Amino acid sequence: MDSKLSVEARRFKKVREELDHTQQSFAKLLEIGASTADIERGKTKVPGKVVMKLLQLFNINPLWLYGNSFVQYVDLNGGDVSPKVISIDSNDKDTILLVNQKAAAGYPHNIQDVDWYQSLPAFNIPLPQYRNATYRGFQVEGDSMLPNIRPNEWVLGKAVASISEASDSRIYIVVLKDSVLVKKLQKILGSPDKVRLQSLNPSYLPIDVPITDIQELWMVNSKLSFGIDEPSDSTLLRQLQESMEELKGQINNLNT
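Parameters at a glance
Residues numbered from 1 in each chain as written. Predicted model: local features only at pLDDT ≥ 70, side-chain atom pairs only at ≥ 80, totals over all residues. Heavy atoms only, no water. Core = buried A, V, L, I, M, F, W, Y, C linked by side-chain atoms within 4.5 Å. Buried < 20%, exposed > 50% of the residue type's maximum accessible area, 1.4 Å probe, protein only. Helix = DSSP H or I, 4+ residues; strand = E, 2+ residues; numbered from the N terminus. Contact = heavy atoms within 4.5 Å. Lys, Arg positive; Asp, Glu negative; His and termini not counted. Salt bridge = Lys/Arg side-chain N within 4 Å of Asp/Glu carboxyl O. Polar contact = N/O pair within 3.5 Å; in protein donor to acceptor, adjacent residues only side chain to side chain. pLDDT = per-residue confidence, 0-100. Axes fitted to C-alpha atoms, helices over the stretch in contact; angles between N-to-C directions. Parallel < 35°, antiparallel > 145°, perpendicular 65-115°, else oblique. Nonpolar A, V, L, I, M, F, W, Y, C, P; charged D, E, K, R; others polar. Phe/Tyr/Trp six-rings, centres within 6.5 Å; stacked < 30°, edge-to-face > 60°.

The name given to the protein chain in an unreviewed UniProt entry is Transcriptional regulator, with the source organism recorded as Constantimarinum furrinae.

Structure representation (structure tokens):
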């Protein structure tokens, strides 16, 4: 029974099946003999050299293999996709920079240019979920994310430090070497060096991109919405109204 097998035997078999190998072809690839059957039946322990091969060839996390981690893959190259430049206000708090469609065209090429970022408008949102993290606003171009996100709408993204932190099927702002895309991200089984970027609009085909082409990654957690006009004595709502009115003015200036 599989339930009586060790964790590493079951997960070793899982990796082989996900990679669509036979026991014979997988053994040949790992240079361990004629078949992996004895490992998968629990008769033989997973050799150390096999653990290293799985890490080197497929980025399989050794801790996951032995049941000590929920993360199946590790990125040997680090996968750093954190912001290259952040913006702070006079109180040393992160501000939210706004990147419209025109600025997005130059964003990948100016990603480390501190002076360039100073040309972007910035604002703050007085809500607790926007504290202790870095956010950035991007204007969406095109209709590939319909019906959820319409052309010219603005989305806010929370900075992601590493590809390993990215979650499948969440929407991200993906800063590539030559473009900025808003897409749903999907990791590819058996190809830890690539991710799949999917549109919500079925008219667009998914694209696979090398992780090394991703400069920054921002997880979309909200859209900017205007029109909070209801009267209220709430101090927080008044602050939000003031922030959104200021933001509307900045966006209007961007479009002139």
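### Thoughts on the nonpolar core
Val99, Tyr107, Tyr117, Leu120, Ile149, Ile173 and Val182 are the most contacted members of the largest nonpolar core, which totals 21 residues. Broken down by element, this core gets its largest block of residues, 3 residues, from strand β5 (residues 171-176). Each residue touching Ile173, except ones within four places of it in the same chain, is listed here: Arg136, Phe138, Val155, Leu156, Gly157, Val180, Leu181, Val182, Glu216, Leu217, Trp218 and Val220.

### Here we look at the side chain of Glu216
Structurally, the position occupied by Glu216 is in strand β9 (residues 214-223). At 4.2 Å, Arg136 is the nearest oppositely charged side chain to Glu216, a buried residue that forms no salt bridge. Of note is the side chain of Glu216, whose polar atom sits 3.0 Å from the side chain of Trp218. Residue contacts for Glu216: discarding those within four places in its chain leaves Val81, Ser82, Pro83, Lys84, Tyr107, Ile111, Tyr117, Arg136, Ile173, Val174 and Val175.

### With respect to the confidence of the model for the protein chain
Summary statistics for the protein chain give a mean pLDDT of 85 and a share of 86% for residues scoring 70 or more. By mean pLDDT, helix α8 (residues 235-254) is the weakest element of the protein chain at 62, and β5 is the strongest at 97. The model gives residues 227-234 a pLDDT under 50, and that stretch makes 8 contacts with residues more than four places away or in other chains.

### Looking at the packing of helix α2 (residues 23-30) against helix α4 (residues 48-58)
At their nearest, the axes of α2 and α4 sit 10 Å apart, and the two run at 90° to each other. Taken together, α2 and α4 sit at an angle that is classed as roughly perpendicular. Facing α2, whose interface residues are Phe26, Leu29 and Leu30, α4 presents Val50, Lys53, Leu54, Leu57 and Phe58. Across the contact of α2 with α4, the residue classes tally to 7 nonpolar, no polar and 1 charged.

### Digging into the packing of helix α1 (residues 7-18) against α2
Helix packing geometry: the angle between the two helix axes and the distance between the axes. Closest axis-to-axis distance for the α1/α2 pair is 10 Å, and the angle between their directions is 100°. Overall, the two elements α1 and α2 adopt an arrangement that is roughly perpendicular. Mapping the contact onto sequence places Phe12, Val15 and Arg16 in α1 and Gln23, Phe26 and Leu30 in α2. Of the residues belonging to the contact of α1 with α2, the class tally is 4 nonpolar, 1 polar and 1 charged.

### Side note on the pattern of salt bridges
According to the stated counting rule, one finds 7 salt bridges in the structure shown. Residue Lys177 pairs with Asp213 through a salt bridge whose shortest N-O separation is 3.6 Å. A residue pair is termed long-range when its members are at least 10 positions apart, and Lys177 in the loop between β5 and β6 (180-187) and Asp213 in the loop between β8 (207-210) and β9 qualify at 36 residues. Ionic pairing is found between Asp208 and Arg196, a salt bridge with its closest N-O pair at 2.7 Å. Here the residue Asp208 occupies a position in strand β8, and Arg196 occupies one in strand β7 (residues 194-198), the gap between them amounting to 12 residues. Of the residues examined, Asp208 reaches a relative accessible area of 40% and is grouped as partly exposed. Salt bridges linked by common partners bring Arg150, Glu153 and Lys223 together as one network.

### A look at the environment of Pro62
Of note, Pro62 is situated in helix α5 (residues 62-65). Taking the relative accessible area as the measure of exposure, Pro62 reaches 27% and is therefore partly exposed. The sequence separation of Pro62 and Glu8 amounts to 54 residues, and the corresponding C-alpha distance is 9.3 Å. Apart from the residues within four sequence positions on either side, Pro62 is in contact with Val51 and Leu55.

### A closer look at the packing of aromatic side chains
If you walk through the whole model with that rule in mind, you get 8 aromatic pairs. Consider the rings of Tyr107 and Trp116, whose centres lie 5.9 Å apart with planes at 85°: the pair is edge-to-face. Exposure class is identical for Tyr107 and Trp116. Each is buried. Here Tyr107 and Tyr117 contribute two aromatic rings whose centre-to-centre distance is 5.9 Å and whose plane-to-plane angle is 80°, an arrangement assigned as edge-to-face. You can see Tyr107 sitting in the loop between α6 (101-106) and α7 (114-117) and its partner Tyr117 sitting in helix α7, a full 10 residues away along the chain. Accessibility classification places Tyr107 together with Tyr117 in one group, the buried group.

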